[in-house]
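Working through the structure, step by step
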Amino acid sequence: MKIFLGADHGGYELKEKVKTWLTEWGYEYEDLGAHHLDPADDYPEFSFKVAEKVAQNSDSLGLLLCRSGGGVTIAANKVKGIRAVPVASEKEAEHARAHNNANVVSLAGDWLTDDDAQQIVKTFLDTPYTHEERHQRRLDQISKYERENT
């Protein structure tokens, strides 16, 4: 599994820490920017890059970071096939993967401690989708809507 990372200035510092954790855990990742701290950058650029890569690679996940996690989530969900969820706890990360088969999560660089962020990322990456019928039925409805209305 490959992990695609993206962050604007608000999530840049946390993204750099996430890269260290992914390396320690043995995950392959690609950093899609920002590659340096630029207080004037805009989150949609990085959200679209990560979301497009995840949509093109079914065996991948995305991690997006900004100040709140909200903006990057909105942008990522504009890409067909993306199920991005902002998460602020391990429980949310687990639920996002197990029930919603989320393929991108967004973290708030301003509001999470390093320990919390580390546990959220680890939980997201380690939690499998359950494939329960009720969850799959709902995801199929979303996919059908995307196909018919995009």
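Residues numbered from 1 in each chain as written. Predicted model: local features only at pLDDT ≥ 70, side-chain atom pairs only at ≥ 80, totals over all residues. Heavy atoms only, no water.

1. Details of the packing of aromatic side chains
How two aromatic rings sit relative to each other is given by the distance of their centres and the angle of their planes. All told, the structure shown has one aromatic pair when counted by the stated rule. Taking NZ or CZ as reference, Arg97 lies 5.7 Å from the ring centre of Phe124, over its face. (Phe/Tyr/Trp six-rings, centres within 6.5 Å; stacked < 30°, edge-to-face > 60°. Lys NZ or Arg CZ within 6 Å of the ring centre and 35° of its normal.)

2. Looking at the side chain of Lys19
As for its placement among the helices and strands, Lys19 is situated in helix H1 (residues 12-25). Here the side chain of Lys19 touches Glu16 through a polar contact of 3.2 Å, side chain to side chain. Ignoring any residue separated from it by four or fewer positions in sequence, one finds Lys19 in contact with Leu5, Tyr29 and Asp31. (Helix = DSSP H or I, 4+ residues; strand = E, 2+ residues; numbered from the N terminus. Polar contact = N/O pair within 3.5 Å; in protein donor to acceptor, adjacent residues only side chain to side chain. Contact = heavy atoms within 4.5 Å.)

3. Describing unusual backbone geometry
The residue after Gly33, namely Ala34, is reached through a cis peptide bond having omega 0 degrees. Structurally, Ala34 is set in the loop between strand S2 (28-31) and helix H2 (43-56). Of note in this structure, Asn101 is not a glycine but carries a positive phi near 50 degrees. In this fold, Asn101 is placed in the loop between helix H4 (90-98) and strand S5 (104-108). Residue classification places Asn101 among the buried positions, given a relative accessible area of 18%. Positive phi, close to 65 degrees, is recorded for His131, a residue that is not glycine. Residue His131 is classed as exposed on the basis of its relative accessible area of 58%. (Buried < 20%, exposed > 50% of the residue type's maximum accessible area, 1.4 Å probe, protein only.)

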